[in-house]
Every structure is written in structure tokens, then in C-alpha cells.
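Breakdown of the fold
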2 protein chains.
Amino acid sequence: MSSEKGFVKEITNMEDDFATWYTDVVRKAELADYTDVKGCMVIRPYGYAIWENIQKELDRRFKETGHKNAYFPLFIPESLLNKEKEHVEGFAPEVAWVTHGGSEKLEERLCVRPTSETIFSTMYSKWIQSWRDLPLLINQWANVVRWEKTTRPFLRSSEFLWQEGHTMHATEEEAMKETLKILNIYSDFCEEFLAIPMIKGRKSEKEKFAGAEATFTIEAMMHDGKALQSGTSHYFGQGFAKAFDVKFQNKEGKEEYCYQTSWGVSTRLIGGLIMTHGDNRGLKLPPRIAPVQVIVVPIAMHKEGVLEKAADLAEFLKKRYRVEIDAREEYSPGYKFNEWEMKGVPIRLEIGPRDIENGECVLVRRDTGDKITIKMTDAYDEIENVLNDIHNNMLLSAFNNRQANTFMASNMDELKNIYENKQGFAKAMWCGSRECEEKIKEEVGISIRCIPFEQENLGDKCVCCGNHADNMVYMGKQY
Amino acid sequence: MSSEKGFVKEITNMEDDFATWYTDVVRKAELADYTDVKGCMVIRPYGYAIWENIQKELDRRFKETGHKNAYFPLFIPESLLNKEKEHVEGFAPEVAWVTHGGSEKLEERLCVRPTSETIFSTMYSKWIQSWRDLPLLINQWANVVRWEKTTRPFLRSSEFLWQEGHTMHATEEEAMKETLKILNIYSDFCEEFLAIPMIKGRKSEKEKFAGAEATFTIEAMMHDGKALQSGTSHYFGQGFAKAFDVKFQNKEGKEEYCYQTSWGVSTRLIGGLIMTHGDNRGLKLPPRIAPVQVIVVPIAMHKEGVLEKAADLAEFLKKRYRVEIDAREEYSPGYKFNEWEMKGVPIRLEIGPRDIENGECVLVRRDTGDKITIKMTDAYDEIENVLNDIHNNMLLSAFNNRQANTFMASNMDELKNIYENKQGFAKAMWCGSRECEEKIKEEVGISIRCIPFEQENLGDKCVCCGNHADNMVYMGKQY
């Protein structure tokens, strides 16, 4: 037990300092590391394996709904970025500029893509001629760069990995349907794979994407009560299509501008995983995304037959699950227990001489700490049940946490009172004015996260100005 | 037949102008397109699907041999690039420099990675302490940038996609074993999936990677007789480890520098596919890498039941193969045949009213043009045999082309004579001097591609100086 305590002690308690707890987990669990380039991180193999699992499942869902992958250039000429006015105003302050190739100064500066609407639109205007070319549904998995002042691994870094879908449609209706279809894919994926319950809704005019007509978002509550914007899907109308001349001939032979969408999720989701599920022992990974679902730890390895039996079991389970065996001689079982708990592995199987005699092994759950003894012959099927139960339990915990930390406010005093004493989300009515939105930001320090699709009846008076309000909104502090 | 001819006519004959034939195929088959950024291309969905298949199979082989994926930053500070002298001399002339973030000038310029030895080595020096941390076997799939003067889609572009593996080892022997293991993975993959036979060998001192102790290569012959360097694997010894202070404590408790390797293949392989297998009808894709392995074309679609039956067949075959059905109403079968031939799909299945009556369909091979009629009930199994046969036939054709265009030379006159009249590879003895290597380059316009592992006895006199020579080399013009 002493090594166990010693080991966990290195992670700051989340109640003491949530931000330090977060970076402790990121670094101790070897998810990511800092580099010599300000704001740029290395995603280490354990963290990248999570991203690979995210990619695999999302990519499957994108392809299932008719999207294809492609790859567009990293560099965007300054003149191209400048074509859509709101877009350039939103992004120019935070882009990295390439000015030299080798020893020569470039004639025109190139920005490292912060997002790729401009270059997609340029190519689409070449590729699209007729209604037969629509819808055009392309996604790319890529790195993007936004020159951030304050950075944090996974949550906000100068370079990050993401996917960006860019689609063109013949009608407004179809484009809007696509925008919402993708939002649902994101939300379903987060609940079914990351065990993170999402609030789906629309961003306010102030918070929408630079150049979009409407931005839709999925918002999650982290363990400290703050909101994480976890994915966005944008409806562009014909704005970019007009700026970039993306036209098609409709079935009646008439030229029209296309209707456009774009949407993305990023490695930020890994930050969301950490902050939704983690605890003071470290990471806690939902089973369907965990790089290692089952860790087999042999006990009393020096005893004859133990290592062989444990290895046999691990090999057998590998046919169905992501399994590793920890046969390192230089560490005690207690040390290993701690390390794999810290790395968030959902199930630990302990197997020692007496277990082998009885044809059993001990199964320990990361989420509850529960230990059960099971027949080795039952392990193959039983693990599936336990993994599903862990997933459901983690999703429910996250949901309960959000419910317990969501409060209603009907006026500014109530709103201020919430954030003086607590963290979390506030539900309140809002009149829709930018003025009230900014006043709330200024006086309470929170922002409107979204106008949720699921509205509740909280009266019809704006929490800020008291005037008529049609919409209930979620507010909170954000990452 | 008239539309067929009209269609193919748009591709330049390779005998007339190989370079134009190449770009015609790239653009007509929608593999890639040019962009507004000089030297940067868009990889379009059909081209990217080939890359995804390459990635999937190589990634499987890397993981099977113990490698893990990670992601390292895009930007490398100038001071880091400067740490290894030969390396910076090799790469500095062709890197893109970021000088500004938003509106602020950076304190230190950042180069956009041309390759990542420097940043991997920096992190490895933090992560590696003891022999227990070795070997460290990490790969990344990433974009890199090299500011090229003359560019061509897939073959040489300012930005390209690749994988780069970077490994650290406790001994020279182990590192060299890794270097060659990867070369074999590359070579096996190219033969087994791309149907391209490779010559494996070592690069001369002049041609090796900047900073490496030894570079190993796989070289392929293209249809025009030129060589394509298709993948390289480098042995670094302790050079970078010393420059970046990557040390470990060995089992005896003594500090030592690590032994290092790196290795990569890129989207260039797609260029290799095109130029090895293509013909005047367009692309010809090896079955195991083709995004569409079987295209089903219904004939006389307006006749009752044809489309349904064709769709049923396509759905059934999809359980085992990558299949699409071309049910476009606005194009004739002849047009479709041409288009899918141009896109290189290995098998076309034609299915019309009479075929349906007889329970048959017509199978047409892209490689030979052979047509056979098969029972629809046999298609599910038969296609596997045909795809394998196509693969073997394409590999053999490429091999025969290489054999037929490889010539022996024992002196400079013979060597010059070869390249006055023919293209292809020359096999010759070489004394190993840089002087002869440069003279051959200057006088014949060819370079030493590699010192192949499979040596042949061609005497012991250098083709250039006539002095004693131990090594047979392959020479040729290169892409």
C-alpha cells in the first residue's frame, strides 16, 4: 500500500487545483507532453491511440452517410483568406504566416490554415458545374494552426488535429439537414463512445463561426462545472458561395449559388474525456474508446505457471478485446495497479497461484473499484457485459453531475448568486439581444453556451432586461 | 464506340509525351488537382482513397512489428534545426519559414517540418532514461513541406503526406536490424499490394540522407524507364543522439548514447502506381489497393428488372469486395466502360437482360481486356481468383518491363551508348569513389540508384575509371 500512496500522491487533488490536476493527468498518463515550440504539444502514443479510436468510429459514421475523405493544402494565400470579409476578420489575428521559402522571400504571404473554407470553396467552384455534381460531401483529417496566447494540452493549442467536413448542396433545406445530421452524429458518438452527455443547440449571433449564417454546437459539462464546446456544425447559406463563385446549373438549366456547410471536432475531445471522467487517481477511460480495455496483472509471477497462464488468458481475450499483460519484473503488483488505474484502463484482471488452482481470476472495475471473482472460462463473455455496464455507469455519472450542477435563474441577482457560490450551468430566459448577452458576460463572467433544441418553459422574461424572451439558454464558464 | 474514342482521346499517348500523359491521368482520373498555392495540390477523394488503403495496410504492418503512432508538432524552431550540422545543410535551403503569429513578429523563426528527426530526438532525450525504455518505436502519419522549385503531383510537391518512423535502440546491431526490417516491410508491401517489384539496396555516400550514416532504398522502374526512389530507411548511428543528448543507462549502470533509425514512404507511391501500371487508356490499379475493385454496369437499364438485379448483385458482392454500381441514367454503357477503365478499376461486370435470363454476367479485366461470361452464382468466389490473377499478372508485367530495360555496361562508351538509344537501368561495377559517381552524372546524365543487396558478378573493374571495383550498382535517370 505504501508504494500505491506514493504513486498517486504525484497527482494534485482536483478539489485543490483543477487546472493542475488536469495537466498532471495529461503528463503522468503520458497522453501528451510540452515541446520547445510555444503552444505546440506532442501527442504521445497513449494519447494518440485514443485519437485513432475516435477517428476510426467517426470516419465510419461519416462514410456511412456518404462522405468521402480528401486532402487540401496546408497553406492558404493571403488574398484567398481575404475574400470573405467576416471570415478574415475572425481568423486573421490568430494565423501563422509563412513569408520565406528557403532563402527567398515569397511574393505573397501564405497563412497556415486555421480552417479551410476558403480553399475548399475555391476548388469547389472549379469542380461543380451542374446539379449532378451535388451534393458534394468531402471531409479531411488534418492539422490546423491558430496562434493562441494561452494554451493548454488538448484544450487550446497552437496546432491541433481535427476533421473538417465541407459540403455543397442544391437547396437551403438540404444544407440545413446536413448541418443537423452531422450535429447528431457528433452527439450520438460522444454519448455512445465517450460516455459524455451533450446539450445540442444553436450558438448566439455573437458566438457563431466567422462567416457562418448559423452555428450549432454540442456542449458538455466538465467535472469542475465549466462548459466544453465539443463540436460545431455550421450552416453558411450562400455567403462563401457568392464570395468564391460556387455556382451550379439546376435541373431547369438556371445558374444558382450553392448552399454550404462545414463541421468539425478535434483532439479537444480528449481533453473532454479527461475532465468529464477523471478522478484523483487519474484518468478514467470509457471502454469503447480506451486503447487498453483490459490489463492482465499476474500476481506472484515467480511461481511456476503463473506467467504462462496469465499470458494464455491475455492472448485468448485479445481475440475480442484490446488487452495487454503487465509482466514487468521490476515493479510490484501494487505499483502496477496504480499505474493502470492512473492510465484509466476500465478492467484489471488479477491472476495468482490460488486463482489458477481454482480456475478463477479477480476482475476489478476502474469506475467503481468493485472486485469480483469470476471463472476464467466465463471471462471471455463476462467482460463484454462489464464493459457495457462501465460505459452506462460513466455516462450516467456524467449526466447526474450535469443535472446536479445546473441551476435556474430568473433575474440577474439569482444569476450572480449562482456563480458566487457554485460552478455549473445556468438555465435562463434570454431576449436575444447582444446587449444583454454582453452585460451578462461582463457582470457575471459567463457566456451563453447555446440555445438548446430542448426548450423548457421558464416563463417569458429575459433574465437580464426583464423584457419579453422567447428562448431558454444555457450559460456557463467556458474552456 | 464513338463516345468511347472521344473520351480516351483526351489522354495524351504515353509514347508521344510521357510527362503530359502522366498529368492527364492524374487530372482526368480525379486523383489530384492543382491549387492556387504554387507546388501544393489537392488530393481528391479517389486519390485519397488509394492513400487510405496504403495507410491501412502499412499501419497494420508497423503495429504488428511493435511500432506505435504519435503526433509531433508541425513547427521546428530554427535553433533546433541547426543542432545537427549535416542535417541543417541538407534541409535549410528548402524549408518554409513562419515569421509571424497574427500581427506579431516571432522572436525565433519556425520552420515547417521538412522531416522530424530534430523534434523527435529532442523529446526522446526527455523520455529515455534507462535500457528499460528501449527500444522506443514511434511512427507518425503527417504532412511535411519542402520548398521545391519544380513540382509534379504526387512525385514532387511542396507539401506532401507521408509516414515517418523514428526509433531508438540500445545497440548498433539492433538499430541496423530495425533499419533493414522496415526496408523489407516497404518492399514486401509494394510487391504484395502495389504490384511493383523493388530493387533493395544501399545509397551511395553522395545520395544518402542528410545526417544519416547509411541510407537504404527501394527503387522501382517506371514505364518510361526512369527510376522512382519509393521509400528509404536510414541508420543514424549515434550522430543525432550525440547532438541532442539522447542517453540511456545500460544494464551495467553505465550511460550510453542511443542508436537511431528513421524511415518513410509518402504519397509519391501513388505516382509510382500510375507510372508503373498505367497505359494509354488511363490508370490501371492493382486490385488490393484499388478503391473500387469491381464496377457493376447495368446494360439496357430501362428494361424491367435489370437495375434491380444489378443492384442485388452489387450489394451481395460488397460483403467481400469494394464494389460500386454505375446506375447513372445520363451516360451510355460505352461512356461508363471508358470512364471506369480510365479510373483503373480492375474488374467490370456487365449485366443486361439476356445475361439475367441466363443467370450470367460478363466479367471484363482491366489488365488484359479479356471478357468472360460467368454464372452469377459463381461471381462471389470467382472474383477473388480473378483479382489475384490480375495482381500477379501486373506484378509480372512490371518485372518483365524492368528486366527488358536493364542493360549491362562495362565501360563509359557502353554506358553512354545505352542512354543515347534507350531508357532504363544500367548495371555496372563501381569503384566507390565520389569522383566516378560525379563523372557519370555529368557525362551520361544518370545517377547511382543503389548498391543492390543482390550482387551479380560483372567482373571487378569500375565502369568509369577501370580501377578495382567491389560493387555492382544500378544506375538510371530519376524522378
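If you're wondering where the values come from, they're calculated on a predicted model, not measured in any experiment.

What about the overall build of chain A?
Counting its secondary structure elements, chain A contains 15 helices and 23 strands. The dimensions of chain A, computed from C-alpha atoms along their principal axes, are 80 × 55 × 50 Å. For chain A, the residues scored as buried account for 59% of the 479 residues in total. By element, 45% of the accessible surface of chain A is carried by carbon and sulfur atoms, the whole surface being about 19,600 Å². A gap of 1 Å separates the mean positions of the 63 positive and 76 negative side-chain charges of chain A.

Digging into a negative patch on the surface
The grouping of A:Glu172, A:Glu173, A:Glu174 and A:Glu213 at the surface amounts to a negative patch. Structurally, A:Glu173 can be placed in helix α7 (residues 172-193).

Focus: helix α10 (residues 306-317) of chain B
Residue and element names in this part refer to chain B. Compared with an ideal rise of 1.5 Å per residue, which puts 12 residues at 16 Å, α10 spans 17 Å between its outermost C-alpha atoms and is within 8% of the ideal. Within the sequence span of α10, burial applies to Val306, Ala310, Leu313, Ala314 and Leu317. What you see down the axis of α10 is that its buried residues fit within an arc of 100°, all on one side. Buried residues along α10 sit in contact with β15 (294-298), β16 (323-325), β17 (347-351), α12 (353-358), β18 (360-365) and α13 (376-404).

Observations concerning the sheet that holds β16(B)
All names here are of chain B. Within the open sheet, the five strands sit side by side as β16-β15-β17-β18-β19. Their pairing is mixed. The sheet terminates laterally at β16 and β19 (371-375), the two strands that pair on one side only. Adjacent strand axes in the sheet meet at a mean angle of 25°, parallel and antiparallel pairs treated alike. When β15 meets β16, the two strands line up parallel, connected through three bridges. In the sheet register, valine 296 faces β16, and the bridge partner there is isoleucine 325. Where α13 meets the sheet, its contacts fall on β15, β17, β18 and β19, and the angle it forms with β18 comes to roughly 10°.

Regarding the pattern of salt bridges
Residue and element names in this part refer to chain A. The final tally for this structure, using the stated rule, is 71 salt bridges over all chains. Between glutamate 192 and arginine 61 there is a salt bridge, with the nearest N and O atoms lying 2.8 Å from each other. With a gap of 131 residues between them, glutamate 192 in helix α7 and arginine 61 in helix α3 (residues 45-64) connect regions that are remote in the sequence. Glutamate 192 sits in the partly exposed class, given a relative accessible area of 35%.

Considerations on the environment of A:Ile299
All names here are of chain A. The topology assignment puts isoleucine 299 in the loop between β15 (294-298) and α10 (306-318). Take isoleucine 299: its relative accessible area is 24%, and that puts it in the partly exposed class. Considering only alpha carbons, one finds isoleucine 299 and isoleucine 451, 152 residues apart in sequence, at a separation of 53 Å. Apart from residues lying up to four places away in sequence, isoleucine 299 is in contact with Val306, Pro333, Phe337, Glu350, Ile351, Gly352 and Pro353.

Quick word on the relation of the copies chain A and chain B
Of the two same-sequence chains, chain A is brought onto chain B (RMSD 0.0 Å, axial shift 0.0 Å) by a rotation of 180°. The transformation relating the two chain copies, once decomposed into turn and shift, fits a two-fold axis. Within chain A, the C-alpha atom positioned nearest to the axis of rotation is that of A:Val98, 2.1 Å from it. A share of 100% of the interface residues of chain A reappears at the interface of chain B, consistent with the copies meeting face to face through the same patch.

Here we look at the packing of helix α3 (residues 45-64) of chain B against helix α7 (residues 172-193) of chain B
Residue and element names in this part refer to chain B. Look at α3 against α7: their axes get within 11 Å of each other, and the N-to-C directions meet at 140°. Relative to α7, the element α3 lies oblique. Judged by the sense of rotation from one axis to the other, the crossing of α3 with α7 is right-handed. Of α7, the residues touching α3 (which contributes Ile54, Glu57, Leu58, Arg61 and Phe62) are Ile185, Tyr186, Asp188, Phe189, Glu192 and Phe193. Residues belonging to the contact of α3 with α7 are distributed by class as follows: seven nonpolar, no polar and four charged.

Some remarks on unusual backbone geometry
The omega torsion across A:Leu134 and A:Pro135 is -10°, close enough to zero to call that bond cis. In this structure, A:Pro135 sits in the loop between α6 (117-127) and β7 (136-145). Even without being glycine, B:Ala195 reaches a positive phi, approximately 55°. Assignment of secondary structure puts B:Ala195 in the loop between α7 and β9 (199-202). The exposure class assigned to B:Ala195 is buried, which follows from its relative accessible area of 0%.

Brief notes about the pairing of strand β11 (residues 227-237) of chain B
Residues and elements named next belong to chain B. Burial analysis of β11 places 10 of its 11 residues in the buried class, which makes it a mostly covered element. Pairing analysis gives eight bridges linking strand β10 (residues 214-221) to β11, with the strands arranged antiparallel. From the neighbouring strand, threonine 217 faces β11, where its bridge partner is threonine 232. From the end of β10 to the start of β11, which pair antiparallel, there are five residues, and glycine 225 there has a positive phi angle of about 90°. Relative to strand β14 (residues 259-266), β11 runs antiparallel, the two being bridged by five bridges. If you follow tyrosine 235 over to β14, its bridge partner there is threonine 261.

Some thoughts on the pairing of strand β17 (residues 347-351) of chain A
Residues and elements named next belong to chain A. Extensive coverage of β17 is indicated by the burial of five of its five residues. Taking every second residue as pointing to the same face, both faces of β17 are buried, with Ile347, Leu349 and Ile351 on one and Arg348 and Glu350 on the other. Across five bridges, β15 lies against β17 in parallel orientation. Following the sheet pairing, valine 294 is matched in β17 by isoleucine 347. Both β17 and strand β18 (residues 360-365) contribute to a ladder of four bridges, which runs antiparallel. For isoleucine 347, the partnering residue across the bridge sits in β18 and is arginine 365.

Basis of the calculations
Residues numbered from 1 in each chain as written. Chains lettered and ligands numbered in written order. Predicted model: local features only at pLDDT ≥ 70, side-chain atom pairs only at ≥ 80, totals over all residues. Heavy atoms only, no water. Helix = DSSP H or I, 4+ residues; strand = E, 2+ residues; numbered from the N terminus. Buried < 20%, exposed > 50% of the residue type's maximum accessible area, 1.4 Å probe, protein only. Areas by Shrake-Rupley, 256 points an atom, 1.4 Å probe, with all protein chains shown as cover. Lys, Arg positive; Asp, Glu negative; His and termini not counted. Charge placed at Lys NZ, Arg CZ, Asp CG, Glu CD. Patch = residues over 30% accessible without salt bridge, like charges linked within 9 Å, V, L, I, M, F, W, Y side chains within 5 Å. Salt bridge = Lys/Arg side-chain N within 4 Å of Asp/Glu carboxyl O. Expected span 1.5 Å × (residues − 1). Arc of directions from axis to C-beta. Contact = heavy atoms within 4.5 Å. Pairing = 2+ DSSP bridges. Axes fitted to C-alpha atoms, helices over the stretch in contact; angles between N-to-C directions. Least-squares fit on C-alpha atoms with pLDDT ≥ 70 in both. Parallel < 35°, antiparallel > 145°, perpendicular 65-115°, else oblique. Left-handed = near helix turned anticlockwise from the far one by under 90°. Nonpolar A, V, L, I, M, F, W, Y, C, P; charged D, E, K, R; others polar.

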